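# What the coordinates show
This is what each chain is made of:
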Amino acid sequence: MIETAHLDLHIGDTQILNDISLRIEPGVITGLIGPNGAGKSTLLHCLAGLTPVTGGTVRIDGQDPFSADDTARARMVALLQQSPAIVSRLRVHELVAFGRWPHHQGRPGPDDARHVDEALEAFDLTALADRPLETLSGGQRQRAFVAMTYAQDTPWILLDEPLNALDPRHARNLMARLDGLARTRGRSIVIVVHDINAAARWADRIVAMKDSRVLAQGPTQQVLTPATLLDCFDTPFDTIPHKGRTLVVAQ
Amino acid sequence: MTPTAIKLTGLACALTALCLAFLLWGLRGPVGFILELRAIKLAALVCVGAATGAATVLFQTIARNPLMTPGIVGFDALFVLTQTLLVATLGGVGVAQLPDGLRFVAEAGVLMIAATVLFGALLRRDAADITRMILTGVILGVLLRGLSSMVQRLLDPSEFAVVQQAMFASFGQVGRGQLIAGALTLGAALAIAMRHAAALDVAALGRDTARSLGLRHDRLILISLLLVSAMVSVSTALVGPITFFGLLCASFARAWMNTHRHAVLIPAAALMGAAILVCGQFVFERLLRSGSTLAVVVEFFGGLLFLVLVLRKARA
């Protein structure tokens with residue numbers, strides 16, 4: 001479980017995170033939603049121990065990511081940032097192999113190669129393994145980066161808007177794979193999504209943020225109500241039950 | 001052998017052949033004396049080429065921009081300023097009395113500290129905004145050059161002559177003590193860089209991604225800055241400032257080796273740098289008999305390549 005207590009982050013006079021107290025359940029997908037600038041990406045970086053906070057605590061399965069040794073932290077939690085930089089002449093299998101860095105520190109063994117192959121297979125990248133990243137489409141690149149994060153083999157996976165640049169088919173495939181990881185391998189996944197219906201379809205739990213605070217958290221059905229959504233996005237929404245889930249439609 | 005190993009071996013063989021040609025072509029008269037002269041010059045060319053090539057690859061990774069060279073942001077301007085200040089404080093006679101090797105160590109040490117503080121702050125603040133970083137770096141370079149020329153105006157004409165000797169790229173005269181100190185520094189810097197080659201591959205992914213993978217990113221950047229400073233000291237102390245030559249080595253190395261791996265790129269750029277300089281000096285000195293123009297020609301082609309790369313990038 002990831003628990004935060006009264007997380008606070010301000011840079012100068014700008015409050016970026018304000019009194020964030022969260023419980024993120026293990027083994028499920030948690031969707032992080034909220035308008036632009038609500039602090040979702042920053043929160044994700046704080047949860048991964050990458051952006052130091054000015055107040056409050058983070059515990060990942062009881063450990064403090066800020067005081068943990070860098071390697072130990074990178075074996076506990078993996079973060080995929082939004083639109084990561086492309087290194088020229090880097091091939092897909094080499095990128096995915098970087099995910100093994102926390103486990104081998106530059107001296108990969110047979111076990112690492114096995115993990116890389118498995119990640120390539122899981123994200124349908126085996127045929128692209130030798131292609132340089134700059135020759136791939138945006139969606140293929142995104143999948144390669146998610147595969148790298150997967151190869152890191154951490155109990156916690158944090159993804160910042162991984163559905164960006166993905167068409168409906170690849171977005172659905174990616175979410176279905178993440179869903180499979182949570183169900184069958186017990187991985188815990190936190191994902192920032194802009195598409196509320198993607199969150200409604202795939203997330204077991206939702207954290208809704210607004211103006212650097214947490215507005216609501218809980219099971220998806222309980223959070224995605226017209227009242228909470230209106231509060232969160234300042235836009236009226238209808239919610240329609242659909243095949244046992246909630247469908248969200250802007251009015 | 002892998003294709004990469006074959007290419008690297010090929011480069012090393014080409015460099016060896018060039019070195020032999022440089023040493024032995026048209027050898028007559030007092031053989032021992034001429035060989036010694038040529039050997040010193042050859043060693044200087046190899047050191048400068050290797051240092052510039054490797055430093056540029058490292059710096060491009062730190063700056064995450066394949067168009068950068070340490071010269072563009074004013075590393076060598078900082079070195080000239082260091083030398084100028086040294087003359088201003090110790091006096092021309094004081095500096096001239098320092099043993100060559102010791103003088104180099106002092107200058108390199110000051111550059112390493114100053115560059116790490118200055119460019120470390122620059123990279124930390126503006127790392128996200130690469131355009132701003134380049135512009136700040138270029139302006140910083142101008143500022144440093146301005147500062148040196150201001151201090152130079154305050155100097156005695158005779159002391160100014162000491163500085164002036166160090167200010168222009170010239171492969172003509174190289175001190176033996178400097179050469180030994182430089183070669184040792186370069187060897188150590190290259191060895192350390194190679195030890196961090198795999199980590200540098202990860203750092204190239206960007207700060208956030210690298211840190212998420214558990215890399216101690218900021219420490220690695222600091223080490224790399226120190227290494228770049230050490231290598232720039234070697235080349236600037238031996239021949240003076242060169243701006244674009246490193247771009248030539250690094251770009252050729254990347255294009256030819258076709259990889260992102262520093263374990264390959266660093267030696268490739270170093271070998272390529274050494275080979276270009278030895279080849280150029282050989283052609284100019286032995287075949288065209290006008291050795292002093294090499295620096296100008298190398299800079300001309302480096303600058304041309306810079307323009308081509310910028311224009312190609314602008315179109316893409």
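Predicted model, so just to flag it, every value in this text is computed and none were measured.

## Details of the overall build of chain A
If you tally the helices and strands in chain A, you get ten helices and eleven strands. In terms of C-alpha radius of gyration, chain A reaches 18 Å, essentially the compact-globule figure of 18 Å for 251 residues. Each of the three principal axes of chain A carries a C-alpha extent, and together these read 50 × 40 × 35 Å. A burial count over chain A gives 51% of its 251 residues as buried. For chain A, the share of sequence-separated contacts (at least 6 apart) that also reach a separation of at least 24 residues comes to 64%. Roughly 10,800 Å² of accessible area belongs to chain A as shown, and the carbon and sulfur atoms make up 49% of that amount. Between the mean site of the 25 positive side-chain charges and the mean site of the 29 negative ones, chain A shows a separation of 5 Å.

## Let's talk about the overall build of chain B
Along the backbone of chain B there are 13 helices and zero strands. Going from the N terminus to the C terminus, chain B shows its helices and strands as α-α-α-α-α-α-α-α-α-α-α-α-α. Relative to a compact globule of 316 residues, whose C-alpha radius of gyration would be 20 Å, chain B shows 19 Å and is just as compact. Each principal axis of the C-alpha distribution contributes one length, and for chain B these read about 60 × 55 × 35 Å. A total of 316 residues make up chain B; the buried ones form 52% of that total.

## Description of the environment of Pro108(A)
Locating Pro108(A) in the fold gives a position in the loop between helix H4 (101-104) and helix H5 (110-122). C-alpha of Pro108(A) to C-alpha of Asp153(A): the two residues are 45 residues apart in sequence and 14 Å apart in space.

## Things to note about the side chain of Ser235(B)
Here Ser235(B) lies in helix H10 (residues 217-239). Accessibility expressed as a relative area gives 5% for Ser235(B), which makes it buried.

## Looking at H5(A)
Residues and elements named next belong to chain A. For H5, which comprises 13 residues, the first-to-last C-alpha distance of 18 Å matches the rise-based estimate of 18 Å (1.5 Å per residue) to within 8%. Taken together, the buried positions of H5 are Asp112, His115, Val116, Ala119 and Leu120. Considered in projection along H5, the buried side chains sweep an arc of 135° and stay on one side of the axis. Seen from the open side of H5, the exposed residues pointing more than 90 degrees away from its buried face are Pro110 and Glu121.

## Focus: the interface of chain A and chain B
Contact residues are listed per partner, giving 27 residues for chain A and 21 residues for chain B. Across the chain A/chain B interface, buried area totals approximately 2,000 Å², and carbon plus sulfur atoms make up 57% of it. When the area that chain A buries against chain B is broken down by residue, the three leading residues are Arg89(A), Phe98(A) and Trp101(A), summing to 34%. Applying the counting criterion to the chain A and chain B interface returns zero salt bridges.

## Quick word on the sheet that holds strand E3 (residues 29-33) of chain A
Residue and element names in this part refer to chain A. On the basis of which strands lie adjacent, the open sheet formed by six strands has the order E5-E6-E7-E3-E8-E9 and mixed pairing. Each edge of the sheet is formed by a strand with only one pairing partner; in this case those strands are strand E5 (77-80) and strand E9 (213-219). With direction set aside, neighbouring strand axes in the sheet form an average angle of 15°. Where strand E8 (residues 205-210) lies against E9, six bridges are found, and the strand directions are antiparallel. Looking at the pairing, Met209 lines up with Val214 of E9. In this fold helix H7 (residues 168-185) packs onto E3, strand E6 (156-160) and strand E7 (188-192), with an angle of close to 150° to the strand it touches most, E7.

## A closer look at helix H1 (residues 3-24) of chain B
All names here are of chain B. Helix length check: H1 (22 residues) gives 31 Å between terminal C-alpha atoms against 32 Å at 1.5 Å per residue, within 8%. Inspection of H1 places Leu8, Leu11, Leu15, Leu18, Cys19, Phe22 and Leu23 among the buried residues, and these make up the whole buried set. Down the axis of H1, the buried side of the element spans an arc of 135°, and every buried residue falls inside it. Facing away from the buried surface of H1 by more than 90 degrees, the exposed residues are Pro3 and Leu24.

## A closer look at the sheet that holds strand E4 (residues 55-60) of chain A
Residues and elements named next belong to chain A. An order of E2-E1-E4 is seen for the three strands of this open sheet, with the pairing classed as antiparallel. Looking at which strands have only one partner, the edges of the open sheet turn out to be strand E2 (14-24) and E4. The average undirected angle you get between the axes of adjacent strands in this sheet is 20°. The pairing of strand E1 (residues 2-11) with E4 spans five bridges and is classified as antiparallel.

## Comments concerning a positive patch on the surface
Side chains of Arg107(A), Arg195(B), Arg216(B) and Arg219(B) sit close together on the surface and give a patch of like positive charge. Here Arg216(B) lies in the loop between helix H9 (207-212) and H10.

## Quick notes on the nonpolar core
Residues Ile33(A), Leu95(A), Leu178(A), Ile189(A), Phe75(B), Phe119(B) and Met231(B) are the most contacted members of the largest nonpolar core, which totals 146 residues. For this core, the element with the highest residue contribution is helix H2 (residues 31-63) of chain B, accounting for 15 residues. Setting aside its immediate chain neighbours within four residues, Phe75(B) contacts Phe59(B), Pro70(B), Leu111(B), Ala115(B), Phe119(B), Leu225(B), Val228(B), Ser229(B) and Val232(B). Counting 27 residues, the second largest nonpolar core, distinct from the first, contains Leu17(A), Val53(A), Val58(A) and Val207(A).

## Here's the deal with the confidence of the model for chain B
Residues and elements named next belong to chain B. On average, residues of chain B carry a pLDDT of 84, and 91% of them reach 70 or more. For chain B, helix H6 (residues 157-167) is the element with the lowest average pLDDT, namely 73, and helix H8 (residues 197-203) is the one with the highest, namely 95. The ipTM for the predicted assembly is 0.90, set against a pTM of 0.88.

The rules behind each value
Residues numbered from 1 in each chain as written. Chains lettered and ligands numbered in written order. Predicted model: local features only at pLDDT ≥ 70, side-chain atom pairs only at ≥ 80, totals over all residues. Heavy atoms only, no water. Helix = DSSP H or I, 4+ residues; strand = E, 2+ residues; numbered from the N terminus. Rg over C-alpha atoms; globule rule 2.2 N^0.38 Å. Buried < 20%, exposed > 50% of the residue type's maximum accessible area, 1.4 Å probe, protein only. Contact = heavy atoms within 4.5 Å. Areas by Shrake-Rupley, 256 points an atom, 1.4 Å probe, with all protein chains shown as cover. Lys, Arg positive; Asp, Glu negative; His and termini not counted. Charge placed at Lys NZ, Arg CZ, Asp CG, Glu CD. Expected span 1.5 Å × (residues − 1). Arc of directions from axis to C-beta. Buried area = accessible area lost by both parts, 1.4 Å probe. Salt bridge = Lys/Arg side-chain N within 4 Å of Asp/Glu carboxyl O. Pairing = 2+ DSSP bridges. Axes fitted to C-alpha atoms, helices over the stretch in contact; angles between N-to-C directions. Patch = residues over 30% accessible without salt bridge, like charges linked within 9 Å, V, L, I, M, F, W, Y side chains within 5 Å. Core = buried A, V, L, I, M, F, W, Y, C linked by side-chain atoms within 4.5 Å. pLDDT = per-residue confidence, 0-100.

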